[in-house]
Structure formats: C-alpha cells, structure tokens
Amino acid sequence: MEKKWWKEAVVYEIYTKSFCDSDGDGLGDLKGVMSKLPMLKELGIDCIWFTPIYKSPQVDNGYDVADYQDIEPDYGTLDDFKKLLDTAHSMGIKIIMDMVLNHSSDEHYWFQESRKSKDNPYRNYYIWQPPKADGSEPNNWGNRFREGNGSAWEFDELTGEYYLHQYSKKMPDLNWEYKPLREEIYKMLNWWLDMGVDGFRLDIFTRLKKPAGFPDATVASSPELDRNGFVLDNNMCTNVEGIHEILHEINRNVFGIRPCMTVGEGSGVTYENALTFVKAEREEIDMVYHFQLAARKRPPFTVESFRKIQSEWMKVIENNGWAVQYLSNHDSQRHVSRYGNDKEFRKESAKALATLTLTCPGTPFLYQGEEIGMVNVEYDDISDYNCCYTIGDYHSMIANGKTKEEAMAFIVPRSRDNARTPYQWNGSENAGFTTGKPWIKVNPKYTDINLEKDMKDPDSIFAYYKKAIALRKEHPAIIEGNLKFHLENDPQIIMYTRECEKETLLVIVNLSDNNAKLDIPEEIKSNKWERLITNRENIAPSLDGNTDVLPWNVEVYKKL
Ligand code: NOJ
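None of these values were measured; they are calculated from a predicted model. (Residues numbered from 1 in each chain as written. Predicted model: local features only at pLDDT ≥ 70, side-chain atom pairs only at ≥ 80, totals over all residues. Heavy atoms only, no water.)

K.L.:
Can you lay out the site of the ligand for me, pointing to particular residues and giving the numbers?
P.N.:
Near the ligand the following residues occur: Asp60, Tyr63, His103, Tyr167, Arg201, Asp203, Ile204, Glu265, His330, Asp331, Arg416 and Arg420. Arg201 is positioned such that a nitrogen or oxygen atom in its side chain is 3.0 Å from an oxygen atom of the ligand. Relative to its unbound accessible area of 300 Å², the ligand is 98% covered by the protein chains. (Near = heavy atom within 4 Å. Polar contact = N/O pair within 3.5 Å; in protein donor to acceptor, adjacent residues only side chain to side chain. Areas by Shrake-Rupley, 256 points an atom, 1.4 Å probe, with all protein chains shown as cover.)

In structure tokens, the structure reads:
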C-alpha cells in the first residue's frame, strides 16, 4: 500500500454556521472555529473539511457560491481564513475546502453576465436552452428542492431561454462542456492550493456531465414525492459517459500535479464502479464517500449489509483504490438517532458506532457533534426548520392535500436540520454556541448533552472518541490491515479482524438493544487476546468460551 497522509488521517467536518459564534450574531464563524482548534487537537483529528464558507446568499447554506475566491462576510474575511489555516497547520491539522463545481449561485458574476445576452462572453458558462415550440420547458426534468412548479428549468425573460438548475433556481448548473469555464475553475482551484489548503471535498462531482440532447426522464427516483409531473431521475445526470474525461482533466491540471487530497461526494458511486474513479492509476480522485451504508433515504444498515458493504469496499482498497468511513454528515440525521439508540443506550451505541467508523478500512470522516453523541431534533412547526429540501417537501405535501401533521411526520425524521442544530458546548443558554439568537434553534437536549459535561467524565463519548482515535494512530493494522469477518451469519454481532504483518486486531460489536450470545470461533479461542478498548469497562465478554454480550457492547483486542 502506497503511504499517503490522508490514508492515516482522521477528518473532521465543520459546518461553520453551526459550530461556534465569536461575535454574537447567531451564526458560527471562522474566529469561533479558531477558538476551538485546541479542542480539535485534543480530540486527535488530523484534518478539517469545511463545508462551503465562500461568499454566498445562503440559499443552500453555502452550496450556492457567489464568489469562489472570497469568504462569506458572516463567517469572516480571507485574512481570518489565512490565519486559521496557518494556525491549524502549526498545530499539525490540515484543511480541505468544499468545492461546489456542479453549480454556482445565480448571484455569481458569471451568471449575472451569462443572463445578459445570448452573445455575452459568459453565456456558455451555464446551460441555456430555448423553450419548446409551445413555450414550455426544454424537457421534463424535476428539480431536487421541489421548488416552483417542480421543473429543473427556469425561464429567463431577458433572453427568452431556460437555464438548467438541478437544485434551486438560485443554483444554476455550470456548463462543463465549455473549455473557458473549465480553465477558470482550474485557476481557482490552484489559487486555493497556492494559499496552502491541503485538498478538496468535491460536491456531487458525478453530476458534472449532462446527457447529450437533454432527453426526457422516464423513471422517477422518489415517485412518492410529487413534482407536478416533472420527473427527478437520479441517474439522468449521474455518471454520464464523459464524466471520467472531465475528472481526469481536472486531475492533470490541478489535483494530480501537486500535493492535494481529494474526496468526492459519491452519488451513484458503489463498490461496483468505485475503481473507475479512485484507482490511483486512473488519475481522477483519491476517494469517494458513498451512500451504500449511510444514506438519509435508505433503511438503516443491518449486520448483514454492513459485512457485505465493508468487504466489497475492502476489495477497492486492495486494488489500489481507497475508501471512506462515515455514518453521518450535514446532509443526514444524527447517526446515534438513526443507527444507534439515542434513548437508553445513547452512550453505548455512540461508542459502538464510533468504533466501526474508526476501525474499518478507509479514512474516517467525523461530523461535528458526533463526538459528544448529539441527537436528532423534533420541532413541531415548519418555521423552526431551515433546510431547503425540508421546506420544499413540506409545502409540496400541503399543496397536494396532506395535513400539517402528515407533512411534519414525513419531514421531522428526514430533515437535514437534525444535523445542523448548533454545537452543544455547555449547559448555559444556547448551549454556549452564541450570546445572540442562534440562526436555527438549539437542540433542547443541550443541558444533558454537551462538551463541557463530557470533558469532565472519563467515561464520556468524547473520552471514548479520543481513545479510539489514538488507537488508530498506534495500530498499523487499522490503516493497512486486511479485513476478515467472523460469525458471518450472526444476526446481532459484527466481529472482524484487521491483520497486517505486524499485528492482528479483533473488533466485536453487538449492534442491538438486546443481549447477544457470542459463539467464539475456534481460531479466536485458540489465541490469547489483550483488550485495548471497550465501552463496558467492568464486564468483559470471555473469549475462551461462549458468553453473553450486552447491548451495544464494543470491544477491541490485540492478538498476543
Ligand atoms: C451536496 C451537499 O452536501 C448538500 O448539502 C447540497 O445541498 C447539495 N450537494 C447541493 O450542492
């Protein structure tokens, strides 16, 4: 395995708006992040991924970029960013930027120019199409936010044409067919690398290429979500032939010619096609985070699916690719609520899930707040929600005759706002996030769940994350070892070994709310094991004979 810093790193995602507010305006900011670098260092992370902090009207909280080379004034200035970058580097923490290359904001200069006239030099930076003969949209594609009449095309009276927006109409899609646009983007990416950033997270990179001729969609990916007859087919603009040429070209102009780590948001990337993107020889990107394990819309993973998915991704690594481990991010629910038990086993299940993320093969991406076991929220009024999907879904359900209760029952467990409530620093008002009025309500559970409380408790979730992250650094088997599952038919227990030349580690997790019988396989029984970490200090399952494992118990051992 070729050594790379990002194979050994633990990445921590910061959603700046909700992290720490230094000036009392209710919005997190860069100075706030700066003040918390010591805490991140203590946790043991190696790299920060900032979700977009560029100048933006914030229609999609920064994924609508108005200037790729400036910082959102609510978050600070470019100077604040440079100071943060230098300080982080001096502490041994790298920084990667979120690059939104599929679309920009309609307030970007490029779009402002593009819409002015058909012969404007920026016209082809975006995707414009004439109306059909009857004046209607160029095709039946639906937008993802279920905005407006549901279409992915917005008519602009100024030039009498439609522009494409897969997301909000305020987020027009960029035209990757157009070389001057591509070149401008390479310049911009290199500018960030010149400044010293360590790489990029690539927003929905599989959707940069659109199908020739813009054919109508025939299959709705979420038929239960009505779009007035417009159709959202997830596959229509995903992994379209030609996407690899685009990625390879970016790599040859930016990623691959200088130190730069890349992680793509892999809609449409599975273990079946992953190597076409991440096999090192392809010179495209380093890794993708996929949606096979953790996905907002899919049912939670089971022990069976977990074994299968991890084993298949291990093959990607063995074939000179790489993998990502994560269970939640700013687009999902809180994973302890979704995959664990956020009531009677919050602490135990948060630690068990953390162990899976931190000991399975690949680079772990943690999301702010998971290290203190933050949980979902349940607000009962739509006005407490901010996420554009959530609001779009709600209003479209009401317009289609659903009651308020039905619409809320649909959005509450799914909303991305579950992950976007402010970080819970302490038990004081607004969880210590801001002295002002937070931009989105703080989770009322903050008096019980907060960092200050965890810091005082040696058995806290935070203390466990620190230990598990430190464990990764001490044990090469976690980075470079192979992966072998045991008890492959067990309905509750996930058991695997990670083995490299130097050592063998054993991980056992009871992924359930009930006791589980553990039938120790012979090959485990016949060896001696030293316990490295556990979430049940006082009760160790015996590895010599059959034993009971408590709910959400996790154990990591090393072969002696
Ligand atoms: C994926 C981002 O993670 C999400 O937050 C955003 O809404 C879409 N891409 C559009 O940029």
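K.L.:
I'd like a description of the pairing of strand β14 (residues 482–486), backed by residues and values.
P.N.:
Bridging between β14 and strand β15 (residues 493–499) involves 5 bridges; their strand directions are antiparallel. If you follow His486 over to β15, its bridge partner there is Met495. The hairpin turn running from β14 into β15, its antiparallel successor, is 6 residues long, and Leu487 in that turn takes a positive phi close to 50°. (Pairing = 2+ DSSP bridges. Helix = DSSP H or I, 4+ residues; strand = E, 2+ residues; numbered from the N terminus.)

K.L.:
Please provide a residue-by-residue account of the side chain of Ser267, values included.
P.N.:
One can find Ser267 in the loop between β10 (261–265) and α8 (275–278). Ser267 sits in the buried class, given a relative accessible area of 10%. The residues touching Ser267, leaving out its near neighbours within four places in the chain, are Ile204, Thr206, Arg207, Thr238 and Phe291. (Buried < 20%, exposed > 50% of the residue type's maximum accessible area, 1.4 Å probe, protein only. Contact = heavy atoms within 4.5 Å.)

K.L.:
Could you give an account of the nonpolar core, naming the residues involved and the relevant values?
P.N.:
Considering soluble globular proteins, one finds that nonpolar side chains tend to be buried as a cluster. Phe81, Trp192 and Phe200 are the most contacted members of the largest nonpolar core, which totals 147 residues. Per-element accounting of this core gives the leading share, 8 residues, to helix α6 (residues 179–195). In this structure, Phe200 is in contact with Ile96, Met97, Met99, Leu189, Trp192, Leu193, Phe255, Cys260, Met261, Thr262 and Val263, ignoring residues within four places of it in sequence. In terms of nonpolar packing, the next biggest core, distinct from the first, is built from 13 residues, Ile493, Ala516, Leu518 and Val549 among them. (Core = buried A, V, L, I, M, F, W, Y, C linked by side-chain atoms within 4.5 Å.)

K.L.:
Run through the sheet that holds β14, naming residues and quoting values.
P.N.:
Pairing is antiparallel in the open sheet, where 5 strands are placed in the order β14-β15-β16-β20-β18. In this open sheet, the two strands that pair with only one neighbour each are β14 and β18 (529–534). Strand after strand, the sheet turns through a mean of 25° between neighbouring axes, direction not considered. Contacts from helix α9 (residues 303–318) reach β14 and β15, with the element oriented near 155° to β14. (Axes fitted to C-alpha atoms, helices over the stretch in contact; angles between N-to-C directions.)

K.L.:
Hey, could you go over empty space enclosed by the protein for me, with residue numbers and the actual values?
P.N.:
Applying the stated criterion across every chain, the model contains 8 cavities of 30 Å³ or more. Volume-wise, the largest cavity comes out at about 80 Å³. What lines the largest cavity is Trp141, Gly142, Arg144, Ala152, Gln166, Val231, Leu232, Asp233, Asn234, Met236 and Cys237. Of the residues belonging to the lining of the largest cavity, the class tally is 6 nonpolar, 3 polar and 2 charged. (1 Å grid on protein atoms, 1.4 Å probe; cavity = no way out; pocket = protein on both sides within 12 Å on 5 of 7 lines; lining within 4 Å. Points joined across faces, edges and corners; volume = space filled by probe spheres on them. Nonpolar A, V, L, I, M, F, W, Y, C, P; charged D, E, K, R; others polar.)

K.L.:
Describe the layout of surface pockets, and please don't skip the residues or the numbers.
P.N.:
The space that makes up the largest pocket amounts to roughly 1,100 Å³. Together, 49 residues line the largest pocket, and Arg144, Asn234, Phe291, Arg296 and Lys297 are the ones closest to its centre. For the lining of the largest pocket, the residue count by class is 16 nonpolar, 17 polar and 16 charged. By volume, the second largest pocket amounts to about 460 Å³. Lining the second largest pocket are 26 residues, with Lys4, Trp6, Phe255, Cys260 and Asp286 sitting closest to its centre. For the lining of the second largest pocket, the secondary-structure elements that each account for two or more residues are α1 (5–8), α7 (243–253) and β10.

K.L.:
Tell me about the side chain of Ser56, residues and numbers included.
P.N.:
Structurally, Ser56 is set in the loop between β3 (54–55) and β4 (67–71). Among the polar contacts listed, one links the side chain of Ser56 to the backbone nitrogen of Gln58, at a separation of 2.8 Å. Apart from residues no more than four positions distant in its own chain, Ser56 is found in contact with Gly62, Asp64, Val65, Ala66 and Glu72.

K.L.:
Explain helix α15 (residues 461–474) residue by residue, including any values.
P.N.:
With 14 residues, α15 should reach 20 Å at 1.5 Å per residue; the first-to-last C-alpha distance of 20 Å fits that figure. Those residues of α15 lying buried are Ile461, Phe462, Ala463, Tyr464, Tyr465, Ala468, Ile469, Leu471 and Arg472. (Expected span 1.5 Å × (residues − 1).)

K.L.:
Summarise the domain arrangement of the chain; cite the residues concerned and give the values.
P.N.:
As far as domains go, the chain holds domain 1 (5–101 + 194–208 + 241–380 + 417–462), domain 2 (102–193 + 209–240), domain 3 (381–412) and domain 4 (478–559). Counting residues at the interface gives 14 residues for domain 1, matched by 11 residues for domain 3. Overall, the association of domain 1 and domain 3 removes approximately 1,000 Å² of surface from exposure, summing both partners, and the carbon and sulfur fraction of that is 45%. At the boundary of domain 1 and domain 3, one finds 1 salt bridge. (Domains from an automatic or database assignment. Buried area = accessible area lost by both parts, 1.4 Å probe. Salt bridge = Lys/Arg side-chain N within 4 Å of Asp/Glu carboxyl O.)

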